[in-house]
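The primary structure of each chain is shown beneath.
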Amino acid sequence: SGGGVVIRAWVNRSRLLLEVEDDGAGIQPPLRSGIGLTNIRSRLTHLYGADDAHLTIDSDIARTVVRLDLPLREAAA
């Protein structure tokens, strides 16, 4: 009786896009920024600057999608 989770990752121009979607019941509104989400957003701001990384959450009665949009960086050698 479990649900499904889909994980997607792709590059679009100079951006890395990550998406996690589940087909569960969704998050009941209002969506709050608790300690976890606040911490993640703070870390993204610290690593990438205030406007260069984005975390979004879309949820309805039948699914939740979390998207992370980051600048693509070369790996350190």
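Residues numbered from 1 in each chain as written. Predicted model: local features only at pLDDT ≥ 70, side-chain atom pairs only at ≥ 80, totals over all residues. Heavy atoms only, no water.

(A) Layout of the sheet that holds strand S1 (residues 5-12). Overall, antiparallel pairing links the 4 strands, which are arranged S1-S2-S4-S3 in an open sheet. On the outer flanks of this sheet lie S1 and strand S3 (54-60), each paired with one strand and no other. Neighbour-to-neighbour, the strand axes of this sheet turn through a mean angle of 15 degrees, independent of strand direction. Across 8 bridges, S1 lies against strand S2 (residues 15-22) in antiparallel orientation. Within the sheet, the bridge partner assigned to tryptophan 10 lies in S2 and is leucine 17. Against the sheet, helix H1 (residues 35-48) touches S3 and strand S4 (63-71), its axis set at about 150 degrees to S3. (Pairing = 2+ DSSP bridges. Helix = DSSP H or I, 4+ residues; strand = E, 2+ residues; numbered from the N terminus. Axes fitted to C-alpha atoms, helices over the stretch in contact; angles between N-to-C directions. Contact = heavy atoms within 4.5 Å.)

(B) Molecular detail of the environment of leucine 68. Tracing the backbone shows leucine 68 in strand S4. Leucine 68 gets classed as partly exposed once you look at its relative accessible area, which sits at 21%. Sequence separation between leucine 68 and alanine 9 is 59 residues; the distance between their C-alpha atoms is 9.5 Å. Look past the residues within four positions of leucine 68 in its chain and what remains in contact with it is Leu16, Leu17, Leu18, Leu44, His54 and Leu55. (Buried < 20%, exposed > 50% of the residue type's maximum accessible area, 1.4 Å probe, protein only.)

(C) Focus on the nonpolar core. Listed in full, the 6 residues of the largest apolar core are Leu37, Leu44, Ala53, Leu55, Ile57 and Leu70. Of all the secondary-structure elements, those providing two or more residues to this core are H1 and S3. Those residues within four positions of leucine 55 in sequence are excluded, and the remaining contacts are Leu37, Ile40, Arg41, Leu44, Val66, Arg67 and Leu68. (Core = buried A, V, L, I, M, F, W, Y, C linked by side-chain atoms within 4.5 Å.)

(D) How the structure looks around the pairing of S3. Two strands pair when backbone bridges link them, and S3 and S4 are joined in this way by 7 bridges, in the antiparallel orientation. Residue pairing in the sheet places leucine 55 in a bridge with leucine 68 of S4. Between S3 and S4, which pair antiparallel one after the other, the connecting turn spans 2 residues.

(E) Highlighting the side chain of glutamate 21. Of note, glutamate 21 is situated in strand S2. The exposure class of glutamate 21 is buried, given its relative accessible area of 18%. Within the structure, glutamate 21 has its side chain in polar contact with the side chain of arginine 8 (distance 3.1 Å). Among residues more than four places away in sequence, those in contact with glutamate 21 are Gly4, Val5, Val6, Arg8, Arg63, Thr64 and Val65. (Polar contact = N/O pair within 3.5 Å; in protein donor to acceptor, adjacent residues only side chain to side chain.)

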